[in-house]
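# Structure assessment
Each chain, written out:
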Amino acid sequence: MTKSETKLLVGIEVLILLIDIFLMKYWVSMIKPDPFMSIGVESYRLEIFGINILIGIIVFFIRKRLSILFFINTIICYWIFSFFWNIWIENHPYSSTEYSFQIENRKFVLGIDKNPDTFGIDEIISESKDSLITIGMHEKVGDSLKLTNMQETMYFHNNKLSGFSISSKAIEMNKIE
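No experiment lies behind these values; they were computed from the predicted model shown. (Residues numbered from 1 in each chain as written. Predicted model: local features only at pLDDT ≥ 70, side-chain atom pairs only at ≥ 80, totals over all residues. Heavy atoms only, no water.)

### What about the overall build of the protein?
When its secondary structure is counted, the protein shows three helices and nine strands. Tracing the protein from N to C terminus, the helices and strands come up as α-α-α-β-β-β-β-β-β-β-β-β. Taking 2.2 N^0.38 as the reference for a compact globule, 177 residues should give roughly 16 Å; the C-alpha atoms of the protein span a radius of gyration of 25 Å, well beyond that estimate. Over its C-alpha atoms, taken along the principal directions, the protein stretches across nearly 85 × 35 × 30 Å. Contacts spanning at least 24 positions in sequence make up 43% of the contacts within the protein whose residues lie at least 6 apart. Side chains of the protein carry 17 positive and 20 negative charges; the gap between the two charge centres is 10 Å. (Helix = DSSP H or I, 4+ residues; strand = E, 2+ residues; numbered from the N terminus. Rg over C-alpha atoms; globule rule 2.2 N^0.38 Å. Contact = heavy atoms within 4.5 Å. Lys, Arg positive; Asp, Glu negative; His and termini not counted. Charge placed at Lys NZ, Arg CZ, Asp CG, Glu CD.)

Below, the structure written as structure tokens:
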């Protein structure tokens, strides 16, 4: 192998690696992993591993020297994808805020989670027992949160919950520290 062929192969490898880095970063931003998905990274890394190996085998039958680039790329991309996955989770940490409220003699707790953007309303039956009333997703709409589940849509704004099926009025919420 001549010096110019070596430079060409290194240039192609760098180009392939840059394309892979861009695609993996985009892919992680589309997946939006949450801390509870940390085990799920393994299945995605295996997909990347498999795709690069498959391309390497196909290229092996076309041009043997180029196929080694895909086999090298397989190992490098496996670790780079893990890096992007972990960076996403570090920059989008899990957090939860809870609010309590009461309707008649019934006590409830609204839990709003960030990353993933979910919520849940539990009825507190006794000190040691509670019952899940509803769970769903939330999204920011203006300066309020839109809480959506299969049955209803509620809005949370200025520590008030409106649209809850048990109460027709807006419910005053108390933040639990």
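### Thoughts on the sheet that holds strand β9 (residues 174-176)
Pairing is antiparallel across the open sheet formed by nine strands, whose spatial order is β8-β7-β6-β5-β4-β3-β2-β1-β9. Looking at strand neighbours, the two that pair on one side only are β8 (171-172) and β9, the edges of this open sheet. The pairing of strand β1 (residues 95-103) with β9 spans three bridges and is classified as antiparallel. Directly across from Ser100, in β9, lies its bridge partner Asn174. (Pairing = 2+ DSSP bridges.)

### A few points about the packing of helix α1 (residues 3-31) against helix α3 (residues 64-91)
Running from amino to carboxyl end, α1 crosses α3 at an angle of 30 degrees, the nearest separation of the two axes being 9 Å. Viewed along their axes, α1 and α3 adopt a mutual orientation that is roughly parallel. Every pair of crossing elements has a handedness; the one defined by α1 and α3 is right-handed. Residues belonging to the contact of α1 with α3 are distributed by class as follows: 20 nonpolar, two polar and five charged. (Axes fitted to C-alpha atoms, helices over the stretch in contact; angles between N-to-C directions. Parallel < 35°, antiparallel > 145°, perpendicular 65-115°, else oblique. Left-handed = near helix turned anticlockwise from the far one by under 90°. Nonpolar A, V, L, I, M, F, W, Y, C, P; charged D, E, K, R; others polar.)

### Remarks on the layout of surface pockets
Taken as a whole, the largest pocket spans an internal volume of roughly 220 Å³. What lines the largest pocket is a set of 11 residues, and nearest its centre among them are His92, Lys114, Asn115, Pro116 and Asp117. Classifying every residue of the lining of the largest pocket by side-chain character gives five nonpolar, two polar and four charged. Estimates place the volume of the second largest pocket at around 160 Å³. If you trace the second largest pocket, you find it lined by Ile16, Asp20, Leu23, Met24, Trp27, Ile48, Ile51, Asn52, Ile55, Phe70, Asn73 and Cys77. Secondary structure elements with two or more residues in the lining of the second largest pocket: α1, α2 (41-62) and α3. Top contributing element to the lining of the second largest pocket by residue count: α1, with five residues. (1 Å grid on protein atoms, 1.4 Å probe; cavity = no way out; pocket = protein on both sides within 12 Å on 5 of 7 lines; lining within 4 Å. Points joined across faces, edges and corners; volume = space filled by probe spheres on them.)

### A short note on the pattern of salt bridges
Considering all chains together, one arrives at one salt bridge under this definition. A salt bridge links Glu123 to Arg106; the nearest nitrogen and oxygen atoms lie 2.9 Å apart. Here the residue Glu123 occupies a position in strand β3 (residues 118-126), and Arg106 occupies one in strand β2 (residues 106-114), the gap between them amounting to 17 residues. A relative accessible area of 15% places Glu123 in the buried class. (Salt bridge = Lys/Arg side-chain N within 4 Å of Asp/Glu carboxyl O. Buried < 20%, exposed > 50% of the residue type's maximum accessible area, 1.4 Å probe, protein only.)

### Some points on the side chain of Thr118
Relative to the assigned elements, Thr118 resides in strand β3. Thr118 sits in the buried class, given a relative accessible area of 18%.

### Looking at α1
Taking 1.5 Å per residue as the helical rise, α1 with its 29 residues ought to reach 42 Å, and the 42 Å between its terminal C-alpha atoms agrees with that figure. Turning to α1, its buried residues are Leu9, Glu13, Ile16, Leu17, Asp20, Met24, Val28 and Ile31. With its phi angle positive at about 50 degrees, Lys32 sits one or two positions after the end of α1. (Expected span 1.5 Å × (residues − 1).)

### What to know about the confidence of the model for the protein
For the protein, mean pLDDT is 85; residues scoring 70 or higher make up 96% of the total. The spread of mean pLDDT over the elements of the protein runs between α2, the lowest at 82, and strand β6 (residues 153-157), the highest at 93. (pLDDT = per-residue confidence, 0-100.)

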